[in-house]
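Report on the structure
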Amino acid sequence: MNDAQIMFEYPVEDMQIIIEEEITEIQNRLKKVKITAFSILSFSLILFLIYSIFSVKIITIIAVISLLFSSFLFSLCIKNERHFLHIRANENEMTLKYFTSKGLKEMQIWYEDISKITFSKDYTSVRIEGKSKNTRFKHEILLNNATPEQGFFLYTLPRLTDKARINSKKIERIFGTQEEFYERMGA
């Protein structure tokens, strides 16, 4: 991508390094919690197996407690799912780096390859579909609410490509104008 023609970039390079390190740290912590939860779950299943052989009630109690604790840890992992989107766009293409707890997904998308862009009802996720060099693609991206990444898809992308299915009057009614949207963020 030609840096001289960049029309939108979020976050700026200084912030990007800090955010990538933070996301990596969160991913590592979630991985440790998932491993711990799986270990406890396995332990409780072994205890249930031992109980079925020996019928000792204390083993059942310990197994149930450990099972509840492992389900609590798994629910924490689900609640603490984090995602972050780095966007760099010019008038012909956009490069997206999508960080989730599952890892990094990098996408370079030419606007001419896009066949359809659709949003969820609450505008917190976007689906980009298209075909590039005889390969179909479908990218589903969660958007953090009231952030520049959401603002890019609501306001900037519809100006760069006509494939974004968006009702600008509805967007203005829900989020305000582009200026109002970014003002509320303090940007």
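Refer to the structure printed above.
Residues numbered from 1 in each chain as written. Predicted model: local features only at pLDDT ≥ 70, side-chain atom pairs only at ≥ 80, totals over all residues. Heavy atoms only, no water.

1. Quick notes on the overall build of the chain
The helix and strand tally for the chain stands at five helices and seven strands. Put simply, the chain runs from its N terminus to its C terminus through helices and strands in the order β-α-α-β-β-β-β-β-β-α-α-α. With the principal axes as the frame, the chain shows a C-alpha extent of 70 × 40 × 35 Å. Out of the 187 residues in the chain, the part that is buried amounts to 37%. The contacts of the chain with a sequence gap of at least 6 include a subset with a gap of at least 24, amounting to 53%. Here the chain contributes 25 positive and 23 negative side-chain charges, whose respective centroids are spaced 12 Å apart. (Helix = DSSP H or I, 4+ residues; strand = E, 2+ residues; numbered from the N terminus. Buried < 20%, exposed > 50% of the residue type's maximum accessible area, 1.4 Å probe, protein only. Contact = heavy atoms within 4.5 Å. Lys, Arg positive; Asp, Glu negative; His and termini not counted. Charge placed at Lys NZ, Arg CZ, Asp CG, Glu CD.)

2. Concerning helix H4 (residues 168-175)
Think of an α-helix as turning once every 3.6 residues; residues three or four places apart then point the same way. The N-cap residue of H4 is asparagine 167: its side-chain oxygen and the backbone nitrogen of lysine 169 are 3.1 Å apart. Directly after H4, the chain includes glycine 176, whose backbone phi takes a positive value near 90°. (Polar contact = N/O pair within 3.5 Å; in protein donor to acceptor, adjacent residues only side chain to side chain.)

3. As for the sheet that holds strand S5 (residues 114-119)
In spatial order, the strands read S5-S6-S7; together these three strands make up an open sheet with antiparallel pairing. The open sheet has two free edges, formed respectively by S5 and strand S7 (135-142), since each of these has just one partner strand. On average, each strand axis in the sheet is tilted by 10° relative to the strand beside it, whichever way the strands run. Bridging between S5 and strand S6 (residues 125-132) involves five bridges; their strand directions are antiparallel. Directly across from isoleucine 114, in S6, lies its bridge partner glycine 130. Sitting on the sheet, helix H3 (residues 148-160) is in contact with S5, S6 and S7, with an inclination near 125° to S5. (Pairing = 2+ DSSP bridges. Axes fitted to C-alpha atoms, helices over the stretch in contact; angles between N-to-C directions.)

4. Thoughts on the pairing of S6
Hairpin remark: S5 followed by S6, antiparallel, with five residues in the connecting loop; positive phi at tyrosine 123, about 60°. Inspection of the sheet shows S6 paired to S7 by eight bridges, in the antiparallel sense. Opposite glycine 130, over in S7, you have phenylalanine 137 as the bridge partner.

5. Digging into the pattern of salt bridges
Per the counting criterion, the structure on display carries five salt bridges. Here arginine 29 and glutamate 25 are joined by a salt bridge, their closest N and O atoms 2.7 Å apart. Taken together, the residues arginine 29 and glutamate 25, both in helix H1 (residues 13-54) and four residues apart, mark about one turn of the helix. Here the salt bridges share partners, and the residues they tie into one network are Lys116, Arg127, Glu129 and Glu140. (Salt bridge = Lys/Arg side-chain N within 4 Å of Asp/Glu carboxyl O.)

6. Looking at unusual backbone geometry
Along the chain, tyrosine 10 connects to proline 11 via a cis peptide bond; the corresponding omega equals -10°. Counting through the fold element by element, proline 11 comes out in the loop between strand S1 (8-10) and H1. A positive phi angle is found at lysine 133, which is not glycine, with a value near 50°. Examined against the element boundaries, lysine 133 turns out to sit in the loop between S6 and S7.

7. Looking at a negative patch on the surface
A contiguous patch of negative charge on the surface is contributed by Glu172, Glu179, Glu180 and Glu183. Here the negative patch gets three residues from one element, more than from any other, and that element is helix H5 (residues 178-185). Residue placement: glutamate 180 occurs in helix H5. Among the residues examined, glutamate 180 registers a relative accessible area of 38% and is labelled partly exposed. (Patch = residues over 30% accessible without salt bridge, like charges linked within 9 Å, V, L, I, M, F, W, Y side chains within 5 Å. Areas by Shrake-Rupley, 256 points an atom, 1.4 Å probe, with all protein chains shown as cover.)

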